[in-house]
Each structure stands twice: as structure tokens, then as C-alpha cells.
Amino acid sequence: MRDTLLQGLLPPLTEAAPAADDPELAALAAAVKDAAARTLGRSLAIRHVDAGSCNGCELEIHALGNAFYDIERFGFRFVASPRHADVLLVTGPVTLNMREALRRTFDATPAPKWVVASGACAADGGAFAGSYAVAGGVAAVLPVDLVIPGCPPSPAALMRGLLALMG
Amino acid sequence: MTSRLLSGEADWFDAGRRMAAGEASLVSLWGDEGRMRLCLREADGGLAVVDMAVDRGAFPSIAALHAPASRLERAACDLYGFLALGAPDGRRWLDHGRWPLRHPLGRRAPHDGAADPYAFLEARGPGVHQIPVGPVHAGIIEPGHFRFHAGGEAVVRLEERLGYTHKGIDALMRGANLARGAELAGRVSGDSTVAYAVAFARAAEAALGADAPPRAHWLRGIMAEMERLANHFGDIGAICNDAAFALMLAHCGILRERTLRAAKTAFGHRLMMDVVVPGGAAVDLAPDGIAAIRALVAEARSTFPKLVRLYDNTASLQERTVGTGVLAADLASRFGAGGVVGRASARDVDARRDHAYPPYDALTFAVPTRKAGDVDARIWVRILEVGESLDLIETMLARLPDGPVRRALAPGGGPGEGWALVEGFRGDVFAHLRLAADGTIARCHLRDPSWLQWPLLEAAIEGNIVADFPLCNKSFNGSYSGVDL
Ligand code: SF4
């Protein structure tokens, strides 16, 4: 039975790599693409930081690892420590209760580093903008290199964003 | 649902005492203007809401009588600036001192945003040491702080500190219209967006004395079961992965992805966010939706049983899950824990059956329970619930009534109050809504099932090795955002 199950993964389910077809995303990515390619080659270590998301964004980031998207084939890896990371993938409106932890995570990440704000909340606070308890988006706290829109961004949108970032 | 509204000091104390004696269980406790409110579930399943006037800023603590109320009470005090007289734990819960103000829902007072110190409970003994973890964790998960006291490998005490994802949802709700309220409710805990949207919509419909059209109820049911499937597939895979059995994650990940894709085809959004609205559903099932959902059910029926056999036949995996993270039945019952966590510790509760709301009032299904209370039992309850959800989805598709999916709600239909208890994948979501005369939201309280489950994780982990914490935590799968609000 183990064989059957292992084989079950074999007829490849993997999606073709999506094109970076969103002009706005492509434009944003162009600014960092050359530097990313030059400095990092085709390998990118990503550290995810939940800065107060509703956890919807995390579900779709998780999906990047499933057999359909299999993001590691592009050289992306999710790492456990900011000290191993090239990119911080930040979700959530940046709650004030998480602001210092986010800053400290950024400080612990060695340069060169990029910050990706993922999802409507990370972009500008999203549904929670204006609350006493949020900073209102990642850019209020850290320099942001790329914004991936969506609530939550689909795995395809995340892949497009990350691919664009890598160049 | 039978429901009663009581008020006064005698009822308040009586409620606390009866919950402490196990004659009733706590559903929720929250603040409102000038009063504290609690909802309890009677032994016969009926709900009662009890009010207690806040006198000179203070009210008698319920946590002093019934410990499961403690965190809810601390949260209410943070938000309103009330004092819980006699409370066993006076530390702030949601308010970490980082906001520019205190008491955002009560008499606001400016604050300099300097973090408050937080005194963790202590554990002493030879060789006992502390391990602080979080709020930023090593994986793709929500933030929270876990303070372990360990003696060698074994956990002597775990204390959770949450609140990091506090977004101020209760304050954003105040003055909002129902459409905005539904948007916020669907973002309290994204993995349960359907359950929250249904709970909010049902509370709003109850407050306005309105009802959604029959077809909308059935579509809500289909969406709720698809949400359960997606989360259970994800959790079963992720728990096994935390026991280093990645194959299960790979296969369950495929089923989860197929569920989300069917949801996208049928309802236009992978997580089905913003589809359920007060008055019904924002969209009808897409023309190719039925075929997509049927294909999902067929695939799950052919693949999932093989995965269950794999789980059942892999001794090295069972070695990690059986007997690990045991939650005693009496503790689960004392906290009134719902969902998988409660049912895996012998609690026979399910809001779909016990508070039979449409479409479940017209459906039959089993509510699986287990007695062992360990990680294995929590996996098994999920496995069995997958089977029930697949049956339910098939039945609902076959019996789906025709007709409109949305009924316009009278604008400015307040004032009024309504509440609802809805079974999400994690347990019962409670929504209590108070509308102002102009129909806007005066107070919306949403209680995630995790409020009554998180404290039990502290008990379940005791005596286990620190390295088994991720496994135990994942098997509970509490929502951080759901309780931080
Ligand atoms: S962008 Fe949407 S899904 Fe992501 S955290 Fe915000 S509300 Fe949740």
C-alpha cells in the first residue's frame, strides 16, 4: 500500500510556473529584480512573519508547499530563523502588539534583505485600517520592496510575486 | 434554541455557581456599556444570557467562581476598564501596553504605548528551567508566546500569553452597518470565515426578526462542510507532519487544495470569504459548481480511506500520537470545550445537532466522539468527521431547494438583539449582536471556540516532553486571531 500511496504523488499535479503577468507587480518587482538575481542567484530563503493576520493569508502561504505549487522547485525555501533569510514575507496589518517583534525580526535578518508585504492587510491595514490597535500596513514600520495584493493572495498570486522578485 | 435573558446580582452569582458545580457550562463572557454579560449553556442545551450592571466601574468576578471565565473576563476588563472584584488573575490579557490608549471600548484614557511588564507564573524545583518561545515562531503560523518550565525533557508548566494579533475588531464593529460587520466577522479567524459569517448573519437575522431564504441555508451548509473538510484535511496532514510523517501531509495537502479549488469554482473564493451575508448568500452556486463539488467528494472517497489505513498501520506514527497530550475528560467538560478538542475527550456536543439550525435541522449525521483525549483521538475525530461531511455535502447537493439566495433586510430595523451558536471546524462559534435604533451595530461580540480550548492545552502538555509540543499544539489547533480579535 505504501507503494500505491507514494505513486499517488507521481502523476505530476504540479502547475506550470505562472507568468509575472500583473503589470503593477512586474513594475514593482523590476526595481529589486536585478539586485536579487545578482546577489542571490536563483535561491531565496523566506522567513514568514505573521504581524497580526486573520490567519487566512497563512493558509495560502502553506499551500505553496503542496504538490500543486511545490514552490521549492523555483529555489524558494521557507526558513525557521530570520538569520537565515533573504526575504521577510509579512502578513497582517501590523498590530501594535506585534510591531516590536516584527522590527526585531527585521533587525535580525542579515543584509541584503527584502520585505514583501503580502495581502490587503499588510498592504495598508486592509479591513482593519484605522483601528487603534494597528500600525496600518507593513510600510508604516519597515521599508517594503514588494506588495502582493489579495485577501488572501492566492498561491498563484504569491508565486507570481515571489518569481517577479527573483527575476 | 431556547434562550432566556436574566439580570441582576442573584442571577449572576447563581450562574457562576451553577457553572462551577457542572450544572451548566460557560459559552461566553463579555462587556457592554455599563454592564457585563455572560452566556451559559444549560444541561438541556438551552442558552441563557445573564446581565450584571457594572457599579462604579466594578462587577463581581465570575472567574473567582469558575476559572474557565478568567481570560474572557481579563479581556473584557482590558477593553472596558472595568474591575473584576475578587478575580484570581488581575493581569491584563489583550492589552500589552502597546496601544496609544487604555480601555478602547470604555472610558478611553491616553497611554504612552510603553509595554507593560508581564509576570509569568513560576515553577520551582531542582533543575527546573524556563524556555520562552515566540511570539515569532519557526514555522508559518500565527504569533503567540509560550513560556515553558521544564524539568529535563518534561514540561512542568506551560503558560500561554496571547493577544499579539489584537486588531481592535470590537471597536471597529461599533457603529458599523451590517455589511461592514459581516466583512469584519469573516476576518476574525480566516480559517473559519464561513462559520463566523454564518454566526454573524444568523445573529443579525435574529436581531431583525428576519430569515434567509431556504436555498441560502442549504448553500451555507454546503460551504460550512467544505470549510470543515479543507481544515480537517489540512490538520490531519499537518499533525502527522509534526510527527515527522511528511507523506501524509503531501496527500492531505492535495485533498485540501482540491477542496479549495472546488470552493473557488462553486462560490468564487477559495476560502469562501464574504459569500455568506446577513439575509442569505452574496452569490448563488456557480453553474459548474455542483459538478466541481461532486468531483471533490468522489476523489476524497477514493483517496482518503487509503490515507486512513496508512495512518492506522504505521506503528512509528502511532507511537508519537497515542498517549501523547492527554486531555482529561473532566477538565474538557469543566471548560465546556467544544469541537474536536471536546469530542476527543468524550464530550458529546455539536451545535449543528444540539442547536439544530437550518439546514442541519433537516439532516441526520453522526457526532463522533472518542474517550482517550490524546493526539490520536483528536486525529480520529477529524477522520470520522470528514466522512460525515462528505455524506452531508452529497445529501445537501441532492436536496438543494430552488429559489432566491438572498432576502433584503429592512434597513434601520433596530434596535434589537440576536445571538447564534454555529459549529465551525474548530467548535462552536458564538455571536451576540446588539443593534442600535438606526440598525447599525451597537455591540458585536464574537467568541471563538479556542477561548475554552487554549487553556486546556496548558494542561494536556504537562508531563509530556517539550519536543512533543508542536504535535500537541497542532492537534488542538487553537486560533490565535480568533481569541485576540
Ligand atoms: S489580507 Fe485578508 S486573509 Fe490576509 S490577513 Fe488580511 S483579512 Fe486575513
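Residues numbered from 1 in each chain as written. Chains lettered and ligands numbered in written order. Predicted model: local features only at pLDDT ≥ 70, side-chain atom pairs only at ≥ 80, totals over all residues. Heavy atoms only, no water.

Chain B appears in an unreviewed UniProt entry as Ni,Fe-hydrogenase III large subunit from Roseiarcus fermentans.

Named according to an unreviewed UniProt entry, chain A is Ni,Fe-hydrogenase III small subunit originating from Roseiarcus fermentans. Reading the Cofactor (unreviewed entry) entry of the UniProt record for chain A gives the comment "[4Fe-4S] cluster". The heading Sequence similarities (unreviewed entry) in the UniProt record of chain A holds the text "Belongs to the complex I 20 kDa subunit family." (UniProt positions renumbered as here; feature names shortened; annotations may be inferred.)

Q: Report on the environment of phenylalanine 59 of chain B, specifying residues and quantitative values.
A: Residues and elements named next belong to chain B. Inspection of the secondary structure puts phenylalanine 59 in strand β5 (residues 58-60). A sequence separation of 32 residues divides phenylalanine 59 from valine 27, and the C-alpha atoms of the two residues are 19 Å apart. Beyond its immediate sequence surroundings of up to four residues, phenylalanine 59 is in contact with Trp12, Met36, Met52, Val54, Glu73, Cys77, Phe82, Leu83, Ala84 and Leu85. (Helix = DSSP H or I, 4+ residues; strand = E, 2+ residues; numbered from the N terminus. Contact = heavy atoms within 4.5 Å.)

Q: Lay out the UniProt feature "domain: NADH:ubiquinone oxidoreductase 30kDa subunit" (unreviewed entry) in chain B in plain terms, naming residues and giving numbers.
A: The residues that UniProt annotates with the feature "domain: NADH:ubiquinone oxidoreductase 30kDa subunit" (unreviewed entry) are residues 54-109 of chain B. Secondary structure content for residues 54-109 of chain B is 20% helix and 16% strand, and the end C-alpha separation is 18 Å.

Q: Let's hear about the interface of chain B and chain A: which residues, and what values?
A: Opposite the 57 residues of chain B that make contact, chain A presents 49 residues. For the pair chain B and chain A, the summed buried surface comes to about 4,200 Å²; carbon and sulfur atoms form 64% of the total. For chain B, the biggest contributors to the area lost against chain A are Arg98, Ile140 and Lys167 of chain B; these three give 18% of the whole. At the boundary of chain B and chain A, one finds two salt bridges. Glutamate 100 of chain A is the salt-bridge partner of arginine 98 of chain B, the closest N and O atoms lying 2.6 Å from each other. Between chain B and chain A we count 24 residue pairs in polar contact (both at pLDDT 80 or more) in total. At the level of secondary structure, the elements contributing two or more residues to the side of chain B that touches chain A comprise α3 (169-173), α4 (178-185), α7 (246-267) and α8 (289-313) of chain B. The element best represented in the side of chain B that touches chain A is α7 of chain B, accounting for ten residues. Looking at side-chain class alone, the side of chain B that touches chain A contains 26 nonpolar, 16 polar and 15 charged residues. (Buried area = accessible area lost by both parts, 1.4 Å probe. Salt bridge = Lys/Arg side-chain N within 4 Å of Asp/Glu carboxyl O. Polar contact = N/O pair within 3.5 Å; in protein donor to acceptor, adjacent residues only side chain to side chain. Nonpolar A, V, L, I, M, F, W, Y, C, P; charged D, E, K, R; others polar.)

Q: Summarise the pattern of salt bridges; cite the residues concerned and give the values.
A: As a working rule, side chains carrying opposite charge can pair if their charged atoms are close by. All names here are of chain B. All chains considered together, the criterion is met by 47 salt bridges over all chains. Notably, a salt bridge pairs arginine 434 with aspartate 32, separated by 2.8 Å at the nearest N-O pair. With arginine 434 in strand β15 (residues 428-435) and aspartate 32 in strand β2 (residues 24-32), this pair connects stretches of sequence that are 402 residues apart. Here the residues in one salt-bridge network are Asp32, Glu33, Arg35, Arg37, Asp51, Glu417 and Arg434, joined through shared partners.

Q: Help me get a handle on the environment of tyrosine 69 of chain A, residues and values and all.
A: Structurally, tyrosine 69 of chain A is set in the loop between α3 (56-63) and β2 (76-78). Accessibility expressed as a relative area gives 6% for tyrosine 69 of chain A, which makes it buried. A C-alpha to C-alpha distance of 7.9 Å links tyrosine 69 of chain A and alanine 156 of chain A, two positions 87 residues apart in sequence. A distance of 2.9 Å separates polar atoms of two side chains, one belonging to tyrosine 69 of chain A and the other to arginine 261 of chain B. (Buried < 20%, exposed > 50% of the residue type's maximum accessible area, 1.4 Å probe, protein only.)

Q: Would you mind going over the site of the ligand in detail, with residue names and values included?
A: All residues in the neighbourhood of the ligand are listed as Ser53, Cys54, Gly56, Cys57, Gly119, Ala120, Cys121, Gly150, Cys151 and Pro152 of chain A together with Arg187 and Met273 of chain B. If you list the elements that add at least two residues to the shell around the ligand, you get α3 and α5 (120-124) of chain A. The class makeup of the residues in the shell around the ligand is seven nonpolar, four polar and one charged. (Near = heavy atom within 4 Å.)

Q: For the UniProt feature "domain: NADH:ubiquinone oxidoreductase-like 20kDa subunit" (unreviewed entry) in chain A, give the residues involved together with the corresponding values.
A: Under the local residue numbering, the UniProt record ascribes the feature "domain: NADH:ubiquinone oxidoreductase-like 20kDa subunit" (unreviewed entry) to residues 54-165 of chain A. Helix makes up 33% of residues 54-165 of chain A and strand 14%, and the two end C-alpha atoms of the span are 25 Å apart.

Q: Any details on the sheet that holds strand β11 (residues 154-161) of chain B? Residues and values, ideally.
A: Note: strands within a sheet are paired through backbone hydrogen bonds, in either parallel or antiparallel orientation. All names here are of chain B. In space, the three strands of this open sheet follow the order β9-β10-β11, with antiparallel pairing throughout. The open sheet has two free edges, formed respectively by β9 (128-133) and β11, since each of these has just one partner strand. Pairs of neighbouring strands in the sheet enclose a mean axial angle of 20°, with direction left out of account. Pairing geometry for strand β10 (residues 145-151) and β11, over seven bridges, is antiparallel. Following the sheet pairing, histidine 145 is matched in β11 by arginine 161. Relative to β11, helix α14 (residues 454-461) is tilted by about 170°, and along the sheet it contacts β10 and β11. (Pairing = 2+ DSSP bridges. Axes fitted to C-alpha atoms, helices over the stretch in contact; angles between N-to-C directions.)

Q: Please provide a residue-by-residue account of the domain arrangement of chain B, values included.
A: Residue and element names in this part refer to chain B. Structurally, chain B comprises domain 1 (3-108) and domain 2 (174-449). At the junction of the two partners, domain 1 supplies 23 residues and domain 2 supplies 16 residues. Considering only the surface of domain 1 that becomes buried against domain 2, Trp30, Arg41 and Pro68 emerge as the three largest contributors, covering 25% of it. At the boundary of domain 1 and domain 2, one finds four salt bridges. Ionic pairing is found between arginine 434 and glutamate 33, a salt bridge with its closest N-O pair at 3.9 Å. (Domains from an automatic or database assignment.)

Q: Explain unusual backbone geometry to me, and be specific about the residues and the numbers.
A: Cis geometry is adopted by the peptide bond preceding proline 112 of chain A, which originates at alanine 111 of chain A and carries an omega value of -5°. Assignment of secondary structure puts proline 112 of chain A in the loop between α4 (96-108) and β4 (114-118). Here the bond from proline 358 of chain B into proline 359 of chain B is cis, since omega is 5°, no more than 30 degrees from zero. You can see proline 359 of chain B is positioned in the loop between α12 (351-354) and α13 (375-399). Backbone geometry places histidine 103 of chain B, a non-glycine residue, at a positive phi of 50°. Tracing the chain through its elements places histidine 103 of chain B in the loop between β7 (101-102) and β8 (109-110). The partly exposed category is assigned to histidine 103 of chain B, whose relative accessible area is 23%. Even without being a glycine, alanine 244 of chain B presents a positive backbone phi close to 65°.

Q: Please give an account of the UniProt feature "domain: NADH-quinone oxidoreductase subunit D" (unreviewed entry) in chain B that cites residues and values.
A: In the UniProt entry, the feature "domain: NADH-quinone oxidoreductase subunit D" (unreviewed entry) is given for residues 255-406 of chain B. For residues 255-406 of chain B, the end-to-end C-alpha separation is 31 Å, with 56% helix and 3% strand making up the annotated structure.

Q: Describe the side chain of arginine 443 of chain B, naming the residues involved and giving the relevant values.
A: Residues and elements named next belong to chain B. Inspection of the secondary structure puts arginine 443 in strand β16 (residues 441-447). At a separation of 2.8 Å, a polar atom in the side chain of arginine 443 contacts the main-chain carbonyl oxygen of glycine 31. Beyond its immediate sequence surroundings of up to four residues, arginine 443 is in contact with Trp30, Gly31, Asp32, Tyr80, Leu105, Asp170, His432, Leu433 and Arg434.

Q: Which residues make up the packing of aromatic side chains, and what values do they have?
A: Describing an aromatic ring pair means giving the distance of the ring centres and the angle of the ring planes. In the structure shown here, the tally under the stated rule is 15 aromatic pairs over all chains. Each ring, one from tyrosine 118 of chain B and one from phenylalanine 120 of chain B, has its centre 5.2 Å from the other, and the planes form 70°; the classification is edge-to-face. Looking at tyrosine 118 of chain B, the relative accessible area reads 14%, which means it is buried. Seen from their ring centres, tryptophan 454 of chain B and tyrosine 480 of chain B are 4.8 Å apart, and the 70° between their planes marks the pair as edge-to-face. Of this pair, tryptophan 454 of chain B sits in helix α14 while tyrosine 480 of chain B is found in helix α16 (residues 480-484), placing the two residues 26 residues apart along the sequence. Looking at tryptophan 454 of chain B, the relative accessible area reads 3%, which means it is buried. In this structure an aromatic cluster arises from ring pairing among Phe146, Phe148, Trp454, Phe469 and Tyr480 of chain B. Directly above the aromatic system of phenylalanine 106 of chain A lies the positively charged group of lysine 113 of chain A, at a separation of 3.9 Å from the ring centroid. (Phe/Tyr/Trp six-rings, centres within 6.5 Å; stacked < 30°, edge-to-face > 60°. Lys NZ or Arg CZ within 6 Å of the ring centre and 35° of its normal.)

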